[in-house]
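Observations on chain architecture
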Amino acid sequence: MNIQDFTAEDERFVRQYAYDDASVVAVDLGEAFAGGSVDVIGETVIVVGQGDEQYELDVPGVSQAFIRNGVLTIEMEVDA
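Residues numbered from 1 in each chain as written. Predicted model: local features only at pLDDT ≥ 70, side-chain atom pairs only at ≥ 80, totals over all residues. Heavy atoms only, no water.

**A short note on the pairing of strand β5 (residues 54-58)**
The two faces of a sheet get side chains in turn, since along a regular strand they alternate between them. Short version of the rule: Burial classes: relative accessible area under 20% of the type maximum marks a residue as buried, over 50% as exposed, and values in between as partly exposed (1.4 Å probe, protein chains only). Numbering of helices and strands starts at the N terminus; helices are DSSP runs of H or I of at least 4 residues and strands are runs of E of at least 2. Whether two strands pair comes down to DSSP finding at least two bridges between them.
Taking every second residue as pointing to the same face, the buried face of β5 carries Y55 and L57, while none of Q54, E56 and D58 on the other face is buried. Summarising the sheet, strand β4 (residues 44-48) and β5 pair through five bridges and their orientation is antiparallel. Opposite V45, over in β5, you have L57 as the bridge partner. Counted along the chain from β4 to the antiparallel partner β5, the turn is five residues long, and its residue G51 has a positive phi close to 75°.

Now the structure itself:
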């Protein structure tokens with residue numbers, strides 16, 4: 001699943017920020033992911049929430065991802 005499909009699902013609140021060397025996407029996943037975890041493997045971001053909720057996102061150029069208080073933040077490198 002890509003970020004656009006993921007954020008369109010359930011009409012999630014999303015913000016995207018563009019910087020000179022990076023792009024950042026922040027997605028409010030809600031309380032179900034407040035204690036969740038994130039793992040980055042290659043260009044795939046794996047998000048695991050409480051219970052059995054899990055998402056695998058294809059994110060080209062991902063440099064890091066983390067979740068805090070149910071907000072998923074993904075940082076992607078921008079080609080120079």
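**Describing unusual backbone geometry**
One non-glycine residue, N69, lies in the positive phi region at around 55°. Summarising the element assignment, N69 is placed in the loop between β6 (62-68) and β7 (71-77). By relative accessible area, N69 is classed as exposed at 69%.

**A closer look at the nonpolar core**
Put simply, the rule is: Residues grouped as a nonpolar core are buried Ala, Val, Leu, Ile, Met, Phe, Trp, Tyr and Cys residues, joined through side-chain atoms within 4.5 Å. The contact rule is simple, with two residues in contact once any of their heavy atoms fall within 4.5 Å.
With 17 residues, the main nonpolar core has L29, V45, L57, V59 and I74 as its most contacted residues. Excluding residues that lie within four positions of it along the chain, L57 makes contacts with M1, N2, F6, E43, T44, V45, V47, L72 and I74.

**Digging into the packing of aromatic side chains**
Worth spelling out the cut-off: To pair, rings of Phe, Tyr and Trp, with the six-membered ring standing in for Trp, must have centres within 6.5 Å; the planes then decide the type, stacked if under 30 degrees apart, edge-to-face if over 60, and tilted in the middle.
Tallying each qualifying case throughout the model produces one aromatic pair. Their ring planes at 35° and their centres at 5.9 Å tell us that F33 and Y55 sit as a pair that is tilted. Residue F33 is located in the loop between β2 (22-28) and β3 (37-41), and its partner Y55 is located in strand β5; the two are separated by 22 residues in the primary sequence. Like F33, the residue Y55 is buried in the burial classification.

**Focus on the sheet that holds β6**
The cut-off we apply is this: Between N-to-C directions, angles cover 0 to 180 degrees, with each direction set by a line fitted to C-alpha atoms, over the stretch in contact for helices.
The four strands lie next to each other as β1-β2-β7-β6, forming an open sheet whose pairing is antiparallel. Two strands lie at the open edges of the sheet, namely β1 (13-18) and β6, each paired on one side alone. The sheet shows a mean angle of 15° between the axes of neighbouring strands, taken without regard to direction. Relative to β2, β1 runs antiparallel, the two being bridged by six bridges. Considered in β2, the bridge of V14 is made with V27.

**Quick word on the sheet that holds β5**
The three strands lie next to each other as β3-β4-β5, forming an open sheet whose pairing is antiparallel. Each edge of the open sheet is held by one strand with a lone partner, namely β3 and β5. In this sheet, neighbouring strand axes are inclined to one another by 15° on average, regardless of whether the strands run parallel or antiparallel.

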